[in-house]
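This is what each chain is made of:
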Amino acid sequence: MNILKSALYTFSKSLFPKRCELCGEVIELSERLCSQCKNPPVIKAPICEYCGVEKSECRCKKHKNEYKQILAPYYYKDSMVTAIHRFKNNDMPFLVNRLGSDMYHCISENYSDIIFDAVTYVPLRDFHERVRGFNQSELLAENIAEKMNLPVLPMLKKVRYTGVQHKKSAKERIADTFGSYDVSDEYKNKLDGINILLIDDVKTTGATLNECAKMLKIYGAKRVYCAAAAITNHKRQ
């Protein structure tokens, strides 16, 4: 009997390998996380509401943005780089369940006194979304909005191609994102006085979120709060 159970176990592993909830790495059936993801780079309170990193790590000098506040459960480093890369580039959209859950708990803890009217997300260029098959920020927004019992609305559209961003400086990113986003025509007359939760996968400099928040406020949004799965800590890097 033990031999049969062992054979079935081996067979099931080969057909349906269990994957780490955070990065998608194949793991033992008895585990939930791989060894690297068991100690992810968590952002610990108290956090800076302007840049989203721990106050002890903050160097933003309380630089104000178009969005009211930014937060994320993780720093974008170590296992989280692998997790998010696999989430959006390796066709592993199932990873949204763990990332969305962690973001939701972070939002519930830090935005508990905010009454949101809707959730939206940073849009992709149409070509990139067609090639990838999904928008990772939209998947996260849908996951979080369901938990919050809120509508997720495609309020934004990308109107200008900005090129690859991850190797550009902060000034270059700000210049590139200027005028790159607009509010979708359907929502230009529907944003007056509402509080919006804006979702993205990673906040690097905040230029993209800032531009998106600016456009939402131009068309009447009262306040825009942001959340991401991970934030780049420039001080540590």
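Throughout what follows, the structure given in this document is the object of discussion. What you see is a predicted model; the values in this text were computed from it and never measured.

About the thresholds
Residues numbered from 1 in each chain as written. Predicted model: local features only at pLDDT ≥ 70, side-chain atom pairs only at ≥ 80, totals over all residues. Heavy atoms only, no water. Helix = DSSP H or I, 4+ residues; strand = E, 2+ residues; numbered from the N terminus. Buried < 20%, exposed > 50% of the residue type's maximum accessible area, 1.4 Å probe, protein only. Contact = heavy atoms within 4.5 Å. Areas by Shrake-Rupley, 256 points an atom, 1.4 Å probe, with all protein chains shown as cover. Phe/Tyr/Trp six-rings, centres within 6.5 Å; stacked < 30°, edge-to-face > 60°. Pairing = 2+ DSSP bridges. Right-handed = clockwise from strand over helix to strand, strands pointing away. Axes fitted to C-alpha atoms, helices over the stretch in contact; angles between N-to-C directions. Parallel < 35°, antiparallel > 145°, perpendicular 65-115°, else oblique. Left-handed = near helix turned anticlockwise from the far one by under 90°. Nonpolar A, V, L, I, M, F, W, Y, C, P; charged D, E, K, R; others polar.

## Details of the overall build of the chain
Phase 1 of the analysis: Along the backbone of the chain there are 7 helices and 9 strands.
Phase 2 of the analysis: Looking at the chain as a whole, 45% of its 237 residues are labelled buried.
Phase 3 of the analysis: For the chain, contacts bridging at least 24 residues in sequence account for 71% of all contacts bridging at least 6.
Phase 4 of the analysis: Surface accessibility of the chain: about 12800 Å² in total, with carbon and sulfur atoms responsible for 50%.

## A short note on unusual backbone geometry
Phase 1 of the analysis: Cis peptide bonds are those with omega within 30 degrees of zero, and the linkage from Ala45 to Pro46 qualifies with 0 degrees.
Phase 2 of the analysis: Here Pro46 lies in the loop between strand S2 (26-27) and strand S3 (69-71).
Phase 3 of the analysis: Within the chain, Asn149 stands out as a residue other than glycine whose phi angle is a positive 55 degrees.
Phase 4 of the analysis: Examined against the element boundaries, Asn149 turns out to sit in the loop between helix H5 (136-148) and strand S6 (156-158).

## Side note on the packing of aromatic side chains
Phase 1 of the analysis: Scanning the entire structure with this criterion turns up 4 aromatic pairs.
Phase 2 of the analysis: Ring plane angle 90 degrees and centroid distance 5.6 Å describe the contact between Phe116 and Tyr225, whose orientation is recorded as edge-to-face. With Phe116 in the loop between helix H3 (96-110) and strand S5 (118-121) and Tyr225 in strand S9 (residues 223-231), this residue pair connects regions lying 109 residues apart in the sequence.
Phase 3 of the analysis: Judged by its relative accessible area of 6%, Tyr225 is buried.
Phase 4 of the analysis: Members of the aromatic cluster, connected to one another through ring pairs, are Tyr111, Phe116 and Tyr225.

## Brief notes about the pairing of strand S8 (residues 195-203)
Phase 1 of the analysis: Of all 9 residues that make up S8, 9 are buried, and the element is covered over most of its length.
Phase 2 of the analysis: By the bridge criterion, 4 bridges tie S5 to S8 in an arrangement that is parallel. Note on S8: the bridge partner recorded for Thr120 is Leu198.
Phase 3 of the analysis: Taken together, the 8 bridges between S8 and S9 define a ladder with parallel strand orientation. Each residue of the ladder has a partner; that of Leu198, found in S9, is Cys226.
Phase 4 of the analysis: Crossover connection from S8 via helix H7 (residues 207-218) to parallel S9: handedness right-handed.

## Overview of the packing of H3 against H5
Phase 1 of the analysis: Axis separation between H3 and H5 bottoms out at 9 Å; the angle between their running directions is 50 degrees. On the basis of the axis angle, H3 is oblique to H5. At the point where H3 passes H5, the crossing takes the right-handed sense. Between H3 and H5, the residues in contact are Val96, Asn97, Leu99, Gly100, Ser101, Met103, Tyr104 and Ile107 and Leu139, Leu140, Asn143, Ile144, Lys147 and Met148, respectively.
Phase 2 of the analysis: Across the contact of H3 with H5, the residue classes tally to 9 nonpolar, 4 polar and 1 charged.

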